[in-house]
Amino acid sequence: MTGDTTHDRTLLVTVDSLRYDHFDQMPRTRRFLKRTHDRAFATSTATLGSVPAIVGGEYASGGGLESERSVAHEFEPYSAGITTNHLLSSEYGYDAGFDSFASPKGGGESIKDRGAVLLQRGTLAHRVATWGWNRYQQARSLVGEVEKSFRRADDVIESFRREIGGRESWFGWLHFMEPHHPYDPDGAPVSRDEAQRVTRTVLAGGGSESDEELVRRLYRREVAELDAALDPLWEAVPDDARVVFCADHGELLGEDDLWGHPGELRRELLHVPFGTRNAPDLGEVVSLVDVPSILVGREHGVGTLERERAFASYGDRTAAMDDRLLATGDGTLTLSTGEPASDPDLERARRRFDPAYVVKEEALQEDLEDLGYV
């Protein structure tokens with residue numbers, strides 16, 4: 001399907017930390033989407049570097065979205081955004097262009113959210129605060145049920161359905177934190193408190209092999225539960241609505257003893273799930289920087305509807321991807337197998353890529369964990 005005008009009803013759904021190789025565990029979502037795209041790539045390894053591309057069509061320039069670039073400005077109908085990540089709040093410019101926007105306030109709604117933004121990971125202050133938050137959560141578990149780490153998907157969907165109820169035209173953006181760590185699904189084989197504790201331990205480099213396997217099971221369960229939770233959303237979306245669904249980045253589940261989404265330009269983080277419904281035709285390769293162009297049906301920012309290569313960066317490191325290979329400063333490998341490969345043209349393109357941005361975790365608090373993650 002092709003088109004060069006905005007749809008009357010358009011929906012962008014982004015999911016935090018969803019791996020490409022776990023997208024097959026979302027059969028309901030895949031059935032709803034008319035097309036899935038097997039070669040879609042993030043522009044960075046975590047939220048601050050990837051979501052400016054998804055919403056603005058630009059490579060990240062700092063700690064958030066440059067508000068004038070938001071694709072929400074392109075939609076005249078009522079626009080509503082709901083995010084559940086404190087890095088995707090009004091403080092970082094993500095409310096620009098929306099008539100209604102809900103997210104954790106500023107640096108976060110709670111003490112742990114504020115701490116995650118203000119305290120640098122690895123410092124003594126962060127470790128002390130983390131210890132305190134863990135003890136607080138443990139104490140709460142003795143007297144009552146521990147809360148889920150982030151706003152629940154079903155609550156987000158219910159709020160969005162109220163926002164668009166009775167409206168003929170609308171644009172919506174929903175960002176879900178499932179399955180971002182700490183993994184604490186409803187159907188976990190252990191209590192929520194134990195699920196959070198084990199996840200934090202493993203992601204901090206501790207835990208046993210059985211703990212690691214439990215964490216992988218918890219992650220898979222988060223993905224399956226999100227798929228089920230999205231059912232009411234898909235049922236509420238009109239048949240002719242344009243929909244784009246993607247992850248902002250992937251997740252590491254113990255590959256080379258790495259967990260979560262650190263600043264490593266790896267295929268597990270850069271190769272992401274991607275699907276569309278009633279959207280323009282696309283080339284074999286899709287970059288998250290193309291999402292605004294897909295939403296409006298014409299080029300927005302540096303995005304395009306037809307590309308052969310995608311690019312990503314973290315700090316001064318860069319990556320280039322095509323439909324077969326991933327090239328980084330550490331070498332080139334095959335996407336499907338991870339085996340070493342060589343492609344001088346792709347490697348040359350990577351060296352020439354200049355994103356004109358630097359994401360520094362210590363400066364911008366990129367990918368900071370809420371207190372208690374470790």
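A quick note: this is a predicted structure, and the numbers were derived from the prediction, not measured.

Cut-offs applied
- Residues numbered from 1 in each chain as written.
- Predicted model: local features only at pLDDT ≥ 70, side-chain atom pairs only at ≥ 80, totals over all residues.
- Heavy atoms only, no water.
- Pairing = 2+ DSSP bridges.
- Helix = DSSP H or I, 4+ residues; strand = E, 2+ residues; numbered from the N terminus.
- Buried < 20%, exposed > 50% of the residue type's maximum accessible area, 1.4 Å probe, protein only.
- Patch = residues over 30% accessible without salt bridge, like charges linked within 9 Å, V, L, I, M, F, W, Y side chains within 5 Å.
- Areas by Shrake-Rupley, 256 points an atom, 1.4 Å probe, with all protein chains shown as cover.
- Salt bridge = Lys/Arg side-chain N within 4 Å of Asp/Glu carboxyl O.
- Lys, Arg positive; Asp, Glu negative; His and termini not counted.
- Charge placed at Lys NZ, Arg CZ, Asp CG, Glu CD.
- Core = buried A, V, L, I, M, F, W, Y, C linked by side-chain atoms within 4.5 Å.

## Structural notes on the sheet that holds strand S10 (residues 271-272)
Read across the open sheet, the 3 strands follow the order S10-S3-S12; overall the sheet is mixed. The outermost strands of the open sheet, each flanked by one partner alone, are S10 and strand S12 (286-287). Two elements, strand S3 (residues 40-41) and S12, share 2 bridges in a ladder whose sense is parallel. Bridge pairing links phenylalanine 41 to serine 287 in S12.

## Description of the pairing of strand S4 (residues 78-82)
Extensive coverage of S4 is indicated by the burial of 5 of its 5 residues. The two faces of S4 match: Tyr78, Ala80 and Ile82 on one face and Ser79 and Gly81 on the other face are all buried. Of the pairings in the sheet, the one linking S4 to strand S6 (residues 170-176) comprises 5 bridges and is parallel in character. Paired with tyrosine 78 across the two strands is tryptophan 170, which belongs to S6. Strand direction decides the pairing type here: S4 and strand S5 (residues 100-102), joined by 3 bridges, are parallel. By the bridge assignment, glycine 81 is partnered in S5 with phenylalanine 101.

## Description of a negative patch on the surface
Taken together, the side chains of Glu284, Glu306, Glu308 and Asp323 present a region of like negative charge at the surface. By the element assignment, glutamate 306 lies in the loop between helix H10 (291-296) and strand S13 (310-314). By relative accessible area, glutamate 306 is classed as exposed at 56%.

## Here's the deal with the pattern of salt bridges
Enumeration over the complete set of coordinates arrives at 25 salt bridges. Residue arginine 69 pairs with glutamate 66 through a salt bridge whose shortest N-O separation is 3.6 Å. For arginine 69, a relative accessible area of 30% corresponds to the partly exposed category. Between aspartate 239 and arginine 277 there is a salt bridge, with the nearest N and O atoms lying 3.6 Å from each other. Taken as a pair, aspartate 239 in the loop between helix H8 (231-236) and strand S7 (242-247) and arginine 277 in strand S11 (residues 274-277) lie far apart in primary sequence, 38 residues in all. Each member of the salt-bridge network shares a partner with another, and the members are Arg152, Asp154, Asp186 and Arg192.

## Concerning the nonpolar core
Soluble, globular proteins show a tendency: their nonpolar side chains are buried together. Within the largest apolar cluster, 83 residues are counted, with the highest numbers of intra-cluster contacts made by Leu11, Leu233, Phe245 and Phe274. With 7 residues, the top contributor of residues to this core is helix H7 (residues 209-229). Among the nonpolar cores identified, the runner-up in size contains 10 residues, and Val289, Ala320, Leu325 and Ala349 belong to it.

## A look at the sheet that holds S13
Strand pairing in a sheet takes place through backbone hydrogen bonds and is either antiparallel or parallel in direction. One open sheet holds the 5 strands; their spatial order is S13-S14-S15-S16-S17, and the pairing between them is antiparallel. Looking at which strands have only one partner, the edges of the open sheet turn out to be S13 and strand S17 (340-341). For strand S15 (residues 325-328) and strand S16 (residues 331-334), the ladder comprises 4 bridges, and the chain directions are antiparallel. From the neighbouring strand, leucine 326 faces S16, where its bridge partner is leucine 333.

## With respect to the pairing of S7
Along S7, 6 of the 6 residues are buried, which leaves the element largely enclosed by surrounding structure. On S7, burial covers both faces: Arg242, Val244 and Cys246 on one face and Val243, Phe245 and Ala247 on the other are all buried. In this structure, strand S1 (residues 9-15) lies alongside S7, joined through 6 bridges in parallel fashion. Directly across from valine 15, in S7, lies its bridge partner alanine 247. One ladder, built from 4 bridges, connects S7 with S11; its direction is antiparallel. In the strand pairing of S11, cysteine 246 is matched with phenylalanine 274.

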